[in-house]
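In case you want the letters, here they are:
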Amino acid sequence: PLESHAIKAIDPFIVPSAPHSLEITSVTKESMILCWARPDSDGGNEISGYIVERREKNSLRWIRVNKKPVYDLRVKSSGLRGGCEYEYRVYAENAAGLSEPSDPTPLILAEDPVFLPSPPSKPKIVDSTKSSITIGWTKPLFDGGSPITGYTVEYKKSDETDWSIAVTKLRGTEYAVIGLTSGSEYVFRVRSTNKVGTSDPSDVSEPQISKDREEEPAFDIDSEMRKTLIIKAGESFTMTVPFRGKPVPNVMWSKPDTDLHSRATIDSSDSCTSLTIEKATRNDSGKYTLMLQNILNTVTLTLVVKVLDSPGPPQNIVAKEVTKESAVLSW
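The shown structure was predicted, so the numbers you read here are calculated from the model rather than taken from an experiment.

**Here we look at the sheet that holds strand 14 (residues 185-193)**
- Strand order in this open sheet of four strands is 12-11-14-15, and the pairing throughout is antiparallel. Two strands bound the open sheet, and with one partner strand each, they are strand 12 (164-170) and strand 15 (208-209).
- With four bridges joining them, strand 11 (residues 150-157) and strand 12 adopt antiparallel strand pairing. Each residue of the ladder has a partner; that of Y151, found in strand 12, is L170.

Right, dumping it as structure tokens:
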């Protein structure tokens, strides 16, 4: 009889080639999403799924991400440790077995995504002199997911086009721009910065002329300070009144029929004044008037002091209508 050559019974297909174009499309501190492309060859048999593995930096061991093969070309890798770096690789599987692994991804840090911050608020004019203007602003509503590391202040004359940088990497939210031309009008804007970069500029401030700012004098007191001050005779007392005004107002204390410069100690600064009386007597009771005056206006404040003392003896006693049984006294 005729006999054929020996033929080995094998499947008419082989394992697929490796998947390719593996990339990470989304990253947080707890998870990553991976996508990849199908193998160029399925080995002659339909691909039944994909196996994904990950490895932490400095580790020798690859760990399976999916317990069962997935057929989609994407998978979510969860349970990561924030601040650690990971790399991934993918296998394709058919009836013949697993392919070679894909090329691994670069190491990727597990961290929440960060973006550019939003701009700060529109700057407000805080103060001005002949050669400087002070502005203030509030921090941005959105820090981009990373702390704000500083601010950049820009300025220009109102009729100019180009902006100049006054300061960068400023930590605070107020800044005095100096070296300005007296009498010129300026506008300002601010940018916020995080580790990703610098934001768009804020809205532009209202224009401000570089000049000494003028402000009517005013008292910075609450209703409690306006109440009558009651003390005991022999005690000392001090009345302290904060105020504001530009130019700094002149300060004048007065009390009817009293020379306060000899009876009291008066101490005044650019924003506060105080009057102190030692060992008060009943003669120190009454109304004290404080006057502030600058080129814009004059304002006054009346403070009432009441000194409590035991009464002295009556004086100037006069007897009238005296009879053997009665008399009318007056004093």
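**Side note on the nonpolar core**
- In terms of nonpolar packing, the biggest core is built from 20 residues, with F219, F237, M239, V241, W253, L275 and Y288 touching the most fellow members.
- Of all the secondary structure elements, the ones that give two or more residues to this core are strand 18 (237-246), strand 21 (272-277), strand 22 (286-293) and strand 23 (298-308).
- Non-local contacts of L275, meaning those with residues more than four positions away in its chain, are made with F237, T238, M239, W253, L260, A264, T265, I266 and Y288.

**Comments concerning the pattern of salt bridges**
- The full count for this structure, using the stated rule, is 13 salt bridges.
- Note that R81 is salt-bridged to E56, the shortest N-O span being 2.4 Å. Remark: E56 occurs in strand 3 (residues 49-56) and R81 occurs in the loop between strand 5 (74-77) and strand 6 (85-94); sequence separation between them is 25 residues.
- R81 sits in the partly exposed class, given a relative accessible area of 49%.
- Given a relative accessible area of 25%, E56 falls into the partly exposed group.
- Of the charged contacts in the structure, one is a salt bridge between K195 and E111, with a shortest N-O distance of 3.8 Å. Of this pair, K195 sits in the loop between strand 14 and strand 15 while E111 sits in the loop between strand 8 (108-109) and strand 9 (124-128); the two residues are 84 residues apart in sequence, bridging distant segments of the chain.
- Looking at K195, the relative accessible area reads 57%, which means it is exposed.
- Residue classification places E111 among the partly exposed positions, given a relative accessible area of 34%.
- Overlapping salt bridges bring together E154, R189 and R191 as one network.

What counts and how
- Residue positions are given per chain, counted from 1 along the sequence in the order it is written.
- A pLDDT threshold of at least 70 governs which residues receive local features in this predicted model, and a stricter bar of 80 or more applies before side-chain atom pairs are shown or counted, although totals over entire chains, interfaces and linings include all residues.
- Side-chain metrics rest on all non-hydrogen atoms present in the structure, leaving aside hydrogens and water.
- Two strands pair if DSSP finds at least two bridges between them.
- The helix and strand labels rest on DSSP assignments: H or I over at least four residues marks a helix, E over at least two residues marks a strand, and numbering proceeds from the N terminus.
- In plain words, nonpolar cores are sets of buried Ala, Val, Leu, Ile, Met, Phe, Trp, Tyr and Cys residues tied together by side-chain atoms within 4.5 Å.
- Partly exposed residues are those whose accessible area sits between 20% and 50% of the maximum for their type, while under 20% is buried and over 50% is exposed, using a 1.4 Å probe and protein chains only.
- Here, two residues are considered to be in contact whenever any of their heavy atoms come within 4.5 Å of each other.
- Salt bridges are counted wherever a side-chain nitrogen of Lys or Arg sits within 4 Å of a carboxyl oxygen of Asp or Glu.

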